[in-house]
Amino acid sequence: MHDTDMNFRPDASGDFRPRIDLQHLQRSVSLVKSEIGKVIIGQESMIEHLIAALLANGHVLIEGVPGVAKTITAKLLARTIDVGFSRIQFTPDLMPSDILGGSVFNAKTTEFEFRAGPVFSNFILIDEINRSPAKTQSALFEVMEERQITMDGTRYEMEQPFLVIATQNPIEHEGTYRLPEAQLDRFLFKVNVGYPDLQQEISIITNEHSNRLADKTDAVQPVVSASELKEFQGLVRNIVVETHLLEYIAGIIVNTRENPFLYLGASPRAGLALLAASKSFAAIRGRDFVTPEDIKEASYAVLRHRVMVTPEREMEGLTSDEIVRQILESIEIPR
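Below: a short report on this structure. None of the values given here were measured: they were computed from a predicted structure.

1. Comments concerning the sheet that holds strand β3 (residues 59–64)
The parallel open sheet is built from 5 strands, whose spatial order is β5-β8-β11-β3-β12. Here the strands that pair on one side only, and so sit at the sheet edges, are β5 (85–89) and β12 (187–193). Here the average twist between neighbouring strands, direction ignored, is 15°. Across 6 bridges, the pairing between β3 and β12 is parallel.

Structure representation (structure tokens):
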């Protein structure tokens, strides 16, 4: 069957049109990119992955050295969406109650009442997530996976949409705590952010010189409402994935478990994440069906934090990205 047969159907006039209308979604994605581009130079891959995560209703871990616009980009993305925003700075003395909230005694009613913490918002930015110990990090498990918390036997559900974006520094190890594998698995993407090239560096400096705004985020305006975002997420869930591509995704996941260079392979949750992310990339490209290229593009950010390289290979300098690349090259691409 040709792509045109798969992707289009005739309307009443006999013309062919997409099964899912993605024009509004594409326009909104362009508007979001345009707003962020008022402040951020380059980092197109990070921005696109953040948008894809939004559409897939998944959380993101951003890793990069200080000063590569991790935090500001997340803040700007939140500003383009007309939803609640909360920023939490992780520190070694941060307690779970500082994030989730807790019961406070009300002298007037002589009863304890729940006071919500900063996690009760739509868009949560966690700065330097690896600066807090495991007890505090584990407080995020339930809220990230199930979009709810349970406190004193009572369940509190998060308002939708709900997205966590966390940042961490890969080179600073003093005073940091390694994220548990169980928590890493709850992030849809791990996005690695590198340095800009020369031309981008020149543009960054030039842009800063000409910018007279005290707060750069003032230049960015909301362009997508909460209801629109939820509508887009519904459209993405309905993106078509052919059976042979589902088998392709499963083949990639199983291959990570059988790879001799990996100490830990990807979990079934990774396969579901790869499916959701592939749909997002297809929608961003204006297609209502997934291609192998969408799956390959999503694979690195979905898998790099879910697999563990064997100590011997890690000492040789082999990275999880390199092994993912080898896996993708070894599996026959379905057509």
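Moving on, there is more to tell.
2. Digging into the nonpolar core
Grouped together as the largest cluster of nonpolar side chains are 72 residues, with contacts concentrated most on Leu 77, Ile 165, Phe 189 and Ile 252. For this core, the element with the most residues is helix α3 (residues 44–56), which contributes 9 residues. Of all hydrophobic cores here, the second largest spans 23 residues; its members include Ile 88, Leu 94, Ile 129 and Leu 179.

3. What to know about the packing of helix α11 (residues 243–258) against helix α13 (residues 292–303)
Two elements in contact, α11 and α13, have axes whose closest approach is 11 Å; the angle formed by their N-to-C orientations is 30°. With respect to α13, the element α11 is oriented roughly parallel. The interaxial crossing formed by α11 with α13 has right-handed handedness. Touching Leu 245, Tyr 248, Ile 249, Ile 252, Ile 253 and Thr 256 of α11 are Pro 292, Ile 295, Lys 296, Ser 299 and Leu 303, all from α13.

4. Brief notes about the pairing of strand β7 (residues 111–116)
Summarising burial for β7: 0 of the 6 residues are buried, a small minority. Taken together, the 6 bridges between strand β6 (residues 101–106) and β7 define a ladder with antiparallel strand orientation. Looking at the pairing, Phe 105 lines up with Phe 112 of β7. Count of turn residues in the β6/β7 antiparallel hairpin: 4 residues, of which Thr 110 carries a positive phi of about 55°.

5. Describing helix α10 (residues 226–237)
With 12 residues, α10 ought to run about 16 Å at 1.5 Å a step, and its terminal C-alpha atoms sit 17 Å apart, in line with that. The set of residues buried in α10 consists of Glu 228, Leu 229, Phe 232, Gln 233, Gly 234, Leu 235 and Val 236. Where α10 is buried, its residues meet α2 (23–37), α3, β4 (81–82), β13 (224–225) and α12 (268–284).

6. Some points on the packing of α3 against α12
The interhelical angle for the contact between α3 and α12, taken along N-to-C directions, is 115°, at an axis separation of 9 Å. Here α3 is positioned roughly perpendicular relative to α12, judged by the angle of their axes. The element α3 and its partner α12 pack so that their crossing is right-handed. Touching Glu 48, His 49, Ile 51, Ala 52, Leu 55 and Ala 56 of α3 are Ala 276, Ser 280, Phe 281 and Ile 284, all from α12. The residue inventory of the contact of α3 with α12, partitioned by class, reads 7 nonpolar, 2 polar and 1 charged.

7. So, unusual backbone geometry
A cis geometry characterises the amide bond from Gln 160 onward to Pro 161, with omega recorded as 0°. Of note, Pro 161 is situated in the loop between β10 (154–157) and β11 (163–168). Its identity is not glycine, yet Gln 43 carries a phi of approximately 55°, on the positive side. Its place among the elements puts Gln 43 in the loop between α2 and α3.

8. As for the side chain of Ser 320
On the secondary structure map, Ser 320 appears in helix α15 (residues 320–330). For Ser 320, a relative accessible area of 15% puts it in the buried group. Within the structure, the side chain of Ser 320 is placed 3.2 Å from the backbone oxygen of Arg 304, a separation counted as a polar contact. Once residues within four sequence positions are removed from consideration, Ser 320 is found in contact with Arg 304, Val 307 and Val 309.

9. Describing the pattern of salt bridges
Enumeration over the complete set of coordinates arrives at 17 salt bridges. The closest approach of N and O atoms between Arg 313 and Glu 316, which form a salt bridge, is 3.0 Å. Arg 313 sits in the partly exposed class, given a relative accessible area of 30%. Among the ionic contacts, a cluster of salt bridges with common partners joins Lys 33, Glu 48, Arg 285 and Glu 297.

What counts, and where the lines are drawn
- Residues numbered from 1 in each chain as written.
- Predicted model: local features only at pLDDT ≥ 70, side-chain atom pairs only at ≥ 80, totals over all residues.
- Heavy atoms only, no water.
- Pairing = 2+ DSSP bridges.
- Helix = DSSP H or I, 4+ residues; strand = E, 2+ residues; numbered from the N terminus.
- Axes fitted to C-alpha atoms, helices over the stretch in contact; angles between N-to-C directions.
- Core = buried A, V, L, I, M, F, W, Y, C linked by side-chain atoms within 4.5 Å.
- Buried < 20%, exposed > 50% of the residue type's maximum accessible area, 1.4 Å probe, protein only.
- Parallel < 35°, antiparallel > 145°, perpendicular 65-115°, else oblique.
- Left-handed = near helix turned anticlockwise from the far one by under 90°.
- Contact = heavy atoms within 4.5 Å.
- Expected span 1.5 Å × (residues − 1).
- Nonpolar A, V, L, I, M, F, W, Y, C, P; charged D, E, K, R; others polar.
- Polar contact = N/O pair within 3.5 Å; in protein donor to acceptor, adjacent residues only side chain to side chain.
- Salt bridge = Lys/Arg side-chain N within 4 Å of Asp/Glu carboxyl O.

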